[in-house]
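As a plain string of letters, each chain reads:
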Amino acid sequence: MTMDTYLVGLIGSGIGPSLSPALHEREADRQGLRYLYRLIDIDMLGVGPEAVGDLVRGARDLGFDGLNITHPCKQLVIDHLDELAPRAAALGAVNTVVFEGGRAIGHNTDVTGFAASFARGLPDVSLERVVQLGAGGAGAAVAHAVLTLGAGHVTVVDAMPDRAADLAAGLNLHFGAGRAQAATPDALGELLGRADGVVHATPTGMAAHPGLPFPAELLHPGLWVAEVVYRPLETELLRTARALGCATLDGGGMAVFQAADAFRLFTGREPDAVRMLADISELAGAAGVRG
């Protein structure tokens with residue numbers, strides 16, 4: 001019997017520590033698939049994010065079945081695709097590319113991934129006033145997810161004011177006027193003081209970008225804190241928030257559920273997200289031990 005074979009990859013910056021290859025390949029092994037997941041790190045290649053179009057075309061020509069796309073290429077890749085799924089078009093960000101009949105089709109599984117993780121990990125928190133830090137590709141996805149989950153109002157904070165304003169405008173267009181607004185980081189103290197929760201969607205806290213995204217004294221026990229970073233699973237932000245008694249959500253669930261949705265797009269097979277959640281706990285724990 002011939003095994004079904006798949007060749008997929010991840011394009012991004014500083015992705016050496018990514019757990020995506022192991023997550024995908026473990027699930028594929030359990031399903032009896034021959035599945036190779038390659039890292040295409042623009043830093044290792046010595047090229048900038050604007051090279052993403054050439055990398056996508058090269059992968060298609062080499063016979064890849066699909067690609068995941070991560071920071072800082074989720075928005076830049078759009079101009080190099082043949083078609084966008086409706087959610088990716090609404091977001092203006094792509095994290096999954098499927099090659100079908102020579103065409104490159106962009107999807108976004110970050111929205112469904114974050115929504116599934118949040119509903120599972122913080123099911124009973126208030127969503128009336130949410131502050132989100134970060135308006136990049138991941139930020140666009142999680143803001144859409146939070147509003148889809150029923151958030152009353154989201155304030156998008158970014159060091160690039162135009163980017164925050166553009167995301168807030170898009171959210172209001174999609175979800176209704178007055179659901180979102182933009183703010184600059186100097187307003188964080190006031191915003192977090194009256195917020196129900198904060199979603200962190202910048203690279204700060206990743207292995208390559210350690211530290212806190214804002215001063216620890218802005219946290220308070222009445223605030224829930226949701227993290228997008230998953231390597232490490234316990235970022236400095238989550239550690240500090242938990243010490244204060246905040247309800248928290250690590251980035252592992254989003255990583256798993258978005259990977260499961262991408263796996264489904266690549267293979268047409270149904271992944272077992274519960275098994276994959278166990279995988280990421282084991283993989284991230286082992287990675288933490290190795291450093």
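First, a word on what this report is: a plain description of the structure on this page.

What counts as what
Residues numbered from 1 in each chain as written. Predicted model: local features only at pLDDT ≥ 70, side-chain atom pairs only at ≥ 80, totals over all residues. Heavy atoms only, no water. Helix = DSSP H or I, 4+ residues; strand = E, 2+ residues; numbered from the N terminus. Rg over C-alpha atoms; globule rule 2.2 N^0.38 Å. Buried < 20%, exposed > 50% of the residue type's maximum accessible area, 1.4 Å probe, protein only. Contact = heavy atoms within 4.5 Å. Lys, Arg positive; Asp, Glu negative; His and termini not counted. Charge placed at Lys NZ, Arg CZ, Asp CG, Glu CD. Axes fitted to C-alpha atoms, helices over the stretch in contact; angles between N-to-C directions. Parallel < 35°, antiparallel > 145°, perpendicular 65-115°, else oblique. Left-handed = near helix turned anticlockwise from the far one by under 90°. Nonpolar A, V, L, I, M, F, W, Y, C, P; charged D, E, K, R; others polar. Pairing = 2+ DSSP bridges. Core = buried A, V, L, I, M, F, W, Y, C linked by side-chain atoms within 4.5 Å.

Scanning the protein chain from N- to C-terminus turns up 11 helices and 12 strands. Over its C-alpha trace the protein chain gives a radius of gyration of 18 Å, about what one expects of a compact globule, namely 19 Å for 291 residues. With respect to the principal axes defined by its C-alpha atoms, the protein chain has extents near 60 × 40 × 35 Å. In the protein chain, which comprises 291 residues, the proportion classed as buried is 51%. Intrachain contacts of the protein chain at a sequence separation of at least 6 include 70% that bridge at least 24 residues. Side chains of the protein chain give 21 positive and 33 negative charges; the mean places of these two sets differ by 5 Å.

Looking now at unusual backbone geometry. Here the amide bond leading from His71 into Pro72 is cis, since omega sits at 5°, within 30 degrees of zero. Of note, the bond from Arg231 into Pro232 is cis; its omega dihedral lies within 30 degrees of zero at 10°. Along the chain, the position of Pro232 falls in the loop between strand S11 (224–227) and helix H9 (236–244).

The next point concerns the packing of helix H5 (residues 110–121) against helix H10 (residues 252–267). The geometry of H5 relative to H10 is characterised by a closest axis approach of 7 Å and an angle of 135° between their N-to-C directions. Judged on the interaxial angle alone, H10 and H5 are oblique. Where H5 crosses over H10, the handedness of that crossing is right-handed. Across the interface between the two elements, Asp110, Thr112, Gly113, Phe114, Ala116, Ser117 and Arg120 from H5 touch Gly253, Met254, Phe257, Gln258 and Asp261 from H10. Among the residues making up the contact of H5 with H10, the classes are represented as 4 nonpolar, 5 polar and 3 charged.

Across the sheet, which stays open at both edges, the 6 strands sit in the order S2-S1-S3-S5-S6-S4 with mixed pairing between neighbours. Pairing within the sheet leaves two strands with one partner each, and these edge strands are strand S2 (34–41) and strand S4 (83–84). Both strand S3 (residues 66–69) and strand S5 (residues 96–100) contribute to a ladder of 3 bridges, which runs antiparallel. Among the inter-strand pairings, Asn68 is bridged to a residue of S5, identified as Thr96.

This next bit is on the nonpolar core. Core analysis: the biggest nonpolar cluster contains 33 residues, and Phe114, Phe118, Val130, Val199, Trp224 and Ala226 have the highest contact counts within it. Only H5, helix H6 (137–148), strand S8 (153–157), helix H7 (161–175) and S11 provide two or more residues apiece to this core. Leave out the neighbours within four places in its chain, and Trp224 touches Phe118, Leu122, Val125, Ser126, Leu127, Val130, Asp196, Gly197, Val198, Val199 and Ala247. In this structure, Ile42, Ile69, Leu81 and Phe99 belong to the second largest nonpolar core, which totals 19 residues.

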